[in-house]
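Notes for the structure review
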Amino acid sequence: MTADEIWLAATWPLVRAQLPGPPASVIEIGCGEAGGHIPALLDAGYQAVGIDPEATAGPGYRAMPFEQYRPGEPVDAVLASLSLHHVADLGEVLDQVAGMLAPGGTVVIIEWGWETFDEPTARWCFGQRLRDQEEEHGTWLAGLRAQWTDSGQPWPEFCRDWAQGHGLHPLAAGEQAAIDAGRIRAGCLRYAGRREGGRP
């Protein structure tokens with residue numbers, strides 16, 4: 001499995017549990033070239049559209065920035081999985097999300113908290129078997145480890161400078177055990193909320 005496939009499989013149960021039932025309309029912010037959760041949403045009977053400048057061509061996708069997308073009518077749910085750290089103005093995007101949700105609509109956010117990616121967590125991740133990004137199923141962490149080493153900076157400075165990083169792998173059993181034992185910090189925000197009736 002690719003890193004994207006692993007991530008999508010690991011997060012699908014959380015996403016599915018928070019959504020209204022099919023055939024609800026769902027917009028995914030930042031589905032990427034791989035399609036994000038859109039294939040699983042469509043297979044489950046949702047009316048789903050993935051919005052991303054690099055979205056794949058085909059039904060269910062719009063190759064454009066989310067900020068330029070306007071649905072024809074309010075939607076039942078909006079999903080953002082590791083995409084909000086790419087937007088220029090988070091407040092503007094969240095206002096747009098609230099404005100496109102139907103009353104009672106759901107927003108599901110899974111985002112990487114780079115600020116919590118501290119040095120012990122980085123060292124633990126870098127100590128795992130990492131394939132170079134150029135290899136099949138390679139990971140961004142191998143490149144990050146090399147960048148940090150080459151920078152000569154202490155981790156907090158390097159991490160702050162690198163805050164535009166992309167991607168995140170799913171929790172593995174060893175990672176969850178390290179989090180539970182307090183040896184590393186979790187670096188993922190999971191949020192689901194529902195819009196009440198009336199104004200957002």
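Residues numbered from 1 in each chain as written. Predicted model: local features only at pLDDT ≥ 70, side-chain atom pairs only at ≥ 80, totals over all residues. Heavy atoms only, no water.

1. Some points on the overall build of the protein
A count of helices and strands for the protein gives 7 helices and 6 strands. When the helices and strands of the protein are read in sequence order from the N terminus, they spell out α-β-α-β-β-β-α-β-α-α-α-α-β. Taking all 200 residues of the protein together, the buried fraction comes to 40%. Once local pairs closer than 6 in sequence are excluded, the contacts in the protein between residues at least 24 apart make up 61%. Approximately 10,700 Å² of the protein is accessible, and the part contributed by carbon and sulfur atoms is 51%. (Helix = DSSP H or I, 4+ residues; strand = E, 2+ residues; numbered from the N terminus. Buried < 20%, exposed > 50% of the residue type's maximum accessible area, 1.4 Å probe, protein only. Contact = heavy atoms within 4.5 Å. Areas by Shrake-Rupley, 256 points an atom, 1.4 Å probe, with all protein chains shown as cover.)

2. With respect to the nonpolar core
If you look at the biggest cluster of nonpolar residues, it comprises 34 residues, and the most contacted ones within it are L19, L41, F117, F126, L144 and W155. Per-element accounting of this core gives the leading share, 4 residues, to helix α4 (residues 119-126). Apart from residues no more than four positions distant in its own chain, L144 is found in contact with F117, F126, W155, F158 and W162. Formed by 17 residues, the second largest nonpolar core is a distinct cluster that contains I27, I29, V78 and A80. (Core = buried A, V, L, I, M, F, W, Y, C linked by side-chain atoms within 4.5 Å.)

3. Overview of the packing of aromatic side chains
Tallying each qualifying case throughout the model produces 4 aromatic pairs. Taken together through their ring pairs, the aromatic side chains of F126, W148, W155 and F158 make up a single cluster. (Phe/Tyr/Trp six-rings, centres within 6.5 Å; stacked < 30°, edge-to-face > 60°.)

4. Thoughts on the environment of D89
Here D89 lies in the loop between β4 (75-81) and α3 (90-100). Side-chain polar atoms of D89 contact the backbone nitrogen of E92, separated by 3.0 Å. (Polar contact = N/O pair within 3.5 Å; in protein donor to acceptor, adjacent residues only side chain to side chain.)

5. Topic: the side chain of H37
Of note, H37 is situated in the loop between β1 (25-29) and α2 (38-43). Accessibility expressed as a relative area gives 1% for H37, which makes it buried. Side chain to side chain, H37 and T11 meet in a polar contact 3.1 Å long. Contact partners of H37, with chain neighbours within four places excluded, come to L8, T11, W12, V15, E28, L79 and S81.

6. Some remarks on the pairing of β4
Among the 7 residues that make up β4, 6 are buried, leaving the element largely enclosed by the rest of the structure. As paired strands, β1 and β4 are joined by 4 bridges and run parallel to one another. Within the sheet, the bridge partner assigned to I27 lies in β4 and is V78. Of the strand pairs in this sheet, β4 and strand β5 (residues 101-112) are connected by 6 bridges, and their pairing is parallel. Within the sheet, the bridge partner assigned to S81 lies in β5 and is I110. (Pairing = 2+ DSSP bridges.)

7. A word on the pattern of salt bridges
Under the definition given, this model contains 1 salt bridge. One salt bridge connects R123 with E119, and the closest N-O pair in it is separated by 2.9 Å. Here R123 and its partner E119 are both found in helix α4, 4 residues apart, which amounts to about one turn of the helix. (Salt bridge = Lys/Arg side-chain N within 4 Å of Asp/Glu carboxyl O.)

8. Thoughts on the environment of Y46
Tracing the backbone shows Y46 in the loop between α2 and β2 (47-51). On the basis of relative accessibility, which here comes to 4%, the residue Y46 falls in the buried class. When the C-alpha positions of Y46 and V26 are compared, they lie 6.9 Å apart, and in sequence the two are 20 residues distant. For Y46, the residues in contact, after removing those within four places along its chain, are R16, L19, P20, G21, P22, P23, A24, V26 and L41. Here the side chain of Y46 touches R16 through a polar contact of 2.8 Å, side chain to side chain.

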